Amino acid sequence: MIAICYIPVIHQGYLNFIRTCEDRGVSNIFLVDLEWLRPVEEFDYLVRKNSLHALTATDIKAALKEYTNIPITILSNETLGEMVGSTDTVLMPKEDLSTFLVEKYLGGRDIQYENIFLRWNRENLGETKEPDVLAIDLPAFITTTLHQVLVEAEKSADWWRSVGAALVKDGQLIALAHNEHMPHEQLPNVFGDPRALFKKGVNINYGTAAHAELGVIAEAARKGVSPEGGELFLTDFPCPYCARLIAKAGVKKVYFLKGYAVLEGDEFLKGEGVELVQVGL
């Protein structure tokens, strides 16, 4: 049996996976190199979010020698043939990168997935419970715009939360934006994010990000378009500050996919005459 894993940092979850490898009799661990993933568009989010704080595969390999005697091979274009040519059973953590490797290189192989939490990825995000909402038929324009907002959110370099927003007026898309730290989007990856010191909804004003709602309203101002009477499309329910910004801007309706209301944000918006619509795609 061989194992394949992407390990950006050493934490208890990864050490547990290494111990599982030892218990299963793994003969070689292939360590995915972030640089090897750089050309793969599907994992642009990993490159963007991990390039500043993730250790190199070489450093991880050296560090793991303190924890295991299993031989470790860094996966690269040069060693790819060795991995693909092996006929051994493959042990992998259950995550999006594993799915990609299986579909592209390991079709037909005996794959064993270890269901262990190592990091947030596109596989385990789907495990969260969706809000209980009334299913209705939405106009194509609304669903298309919400999908655009989801794509926009992926551009955010914020590991804490990626949010997308769109402002629409008179059936026309005015602006798209994502939450972006200032003065540089990688600021929290270099110095840390003050918000990470607190629970969700606590000390929201300590963040260094320009929220997506602020981004689209500011973009409309640059274009000379008033947001009054417009509609806002969001991945997440707005924070209290953005709720007040939305009301002051005169937005008449907010579509959102998920999130929680802080400081009675929902009641405040409804009291200001803003219609709230939660959508399940």
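Residues numbered from 1 in each chain as written. Predicted model: local features only at pLDDT ≥ 70, side-chain atom pairs only at ≥ 80, totals over all residues. Heavy atoms only, no water.

Asks: Where do I start with the nonpolar core in this structure?
Replies: Across soluble globular proteins, nonpolar side chains have a tendency to be buried as a group. One finds I4 and V32 to be the most contacted residues of the largest nonpolar core, which totals 25 residues. Elements with a minimum of two residues in this core: β1 (2–5), β2 (28–32), α2 (34–37), α3 (44–50), α5 (80–85), β4 (90–93) and α6 (96–105). The dominant element in this core, judged by the number of residues it contributes, is α6, at 4 residues. Apart from residues no more than four positions distant in its own chain, I4 is found in contact with F17, F30, V32, M83, V90, L91, M92, P93, L101 and L106. Ranked by size, the runner-up nonpolar core spans 22 residues in total, among them I174, A177, V216 and V274. (Core = buried A, V, L, I, M, F, W, Y, C linked by side-chain atoms within 4.5 Å. Buried < 20%, exposed > 50% of the residue type's maximum accessible area, 1.4 Å probe, protein only. Helix = DSSP H or I, 4+ residues; strand = E, 2+ residues; numbered from the N terminus. Contact = heavy atoms within 4.5 Å.)

Asks: Even after reading the chapter, I still don't get the pattern of salt bridges, so can you show me in this structure?
Replies: Pairs can form between side chains of opposite charge whenever their charged atoms are close. Evaluation of the coordinates by the stated rule reveals 8 salt bridges. With a closest N to O distance of 2.8 Å, D236 and K258 form a salt bridge. Placement of the pair is D236 in strand β10 (residues 231–236) and K258 in strand β11 (residues 253–258), with a sequence separation of 22 residues. We classify D236 as buried; its relative accessible area is 5%. For K258, a relative accessible area of 39% gives the class partly exposed. Its salt-bridge partner being E267, residue K270 comes within 3.4 Å of it at the nearest N-O pair. Residue K270 and its partner E267 are both found in helix α11 (residues 265–271); the two are separated by 3 residues, about one turn of the helix. Residue classification places K270 among the partly exposed positions, given a relative accessible area of 46%. Among the charged side chains, a salt-bridge network with shared partners connects E219, R222 and K223. (Salt bridge = Lys/Arg side-chain N within 4 Å of Asp/Glu carboxyl O.)

Asks: Help me out: how do you make sense of the sheet that holds strand β6 (residues 164–169) in this one?
Replies: Strands pair in a sheet through their backbones, by hydrogen bonds, and they do so in one of two ways: parallel or antiparallel. Read from one edge to the other, the open sheet built from 5 strands follows the order β7-β6-β10-β11-β12, with strand pairing classed as mixed. The sheet terminates laterally at β7 (172–178) and β12 (275–278), the two strands that pair on one side only. The sheet shows a mean angle of 20° between the axes of neighbouring strands, direction not considered. Note: β6 against β10, 4 bridges, orientation antiparallel. Of the residues in β10, the one forming a bridge with A166 is F233. Its contacts with the sheet place helix α7 (residues 140–153) against β6, β7, β10 and β11, and it is angled at close to 50° to β10. (Pairing = 2+ DSSP bridges. Axes fitted to C-alpha atoms, helices over the stretch in contact; angles between N-to-C directions.)

Asks: In this structure, what is going on with the side chain of E114? I would like to understand it.
Replies: Examined against the element boundaries, E114 turns out to sit in strand β5 (residues 111–114). Of the polar contacts made by the side chain of E114, one reaches the side chain of R24; its length is 3.1 Å. Once you skip the residues sitting within four places of it in the chain, E114 turns out to touch F17, T20, R24, L91, M92, P93 and K94. (Polar contact = N/O pair within 3.5 Å; in protein donor to acceptor, adjacent residues only side chain to side chain.)

Asks: Where do I start with the sheet that holds β2 in this structure?
Replies: Ordered by their spatial adjacency, 5 strands build an open sheet running β3-β2-β1-β4-β5, and the pairing between neighbours is parallel. Every other strand in the sheet has two partners, leaving β3 (72–75) and β5 as the edge strands with one partner each. Averaged over neighbouring strand pairs, the angle between their axes works out to 25° when direction is ignored. Summarising the sheet, β1 and β4 pair through 2 bridges and their orientation is parallel. Looking at the pairing, A3 lines up with L91 of β4.

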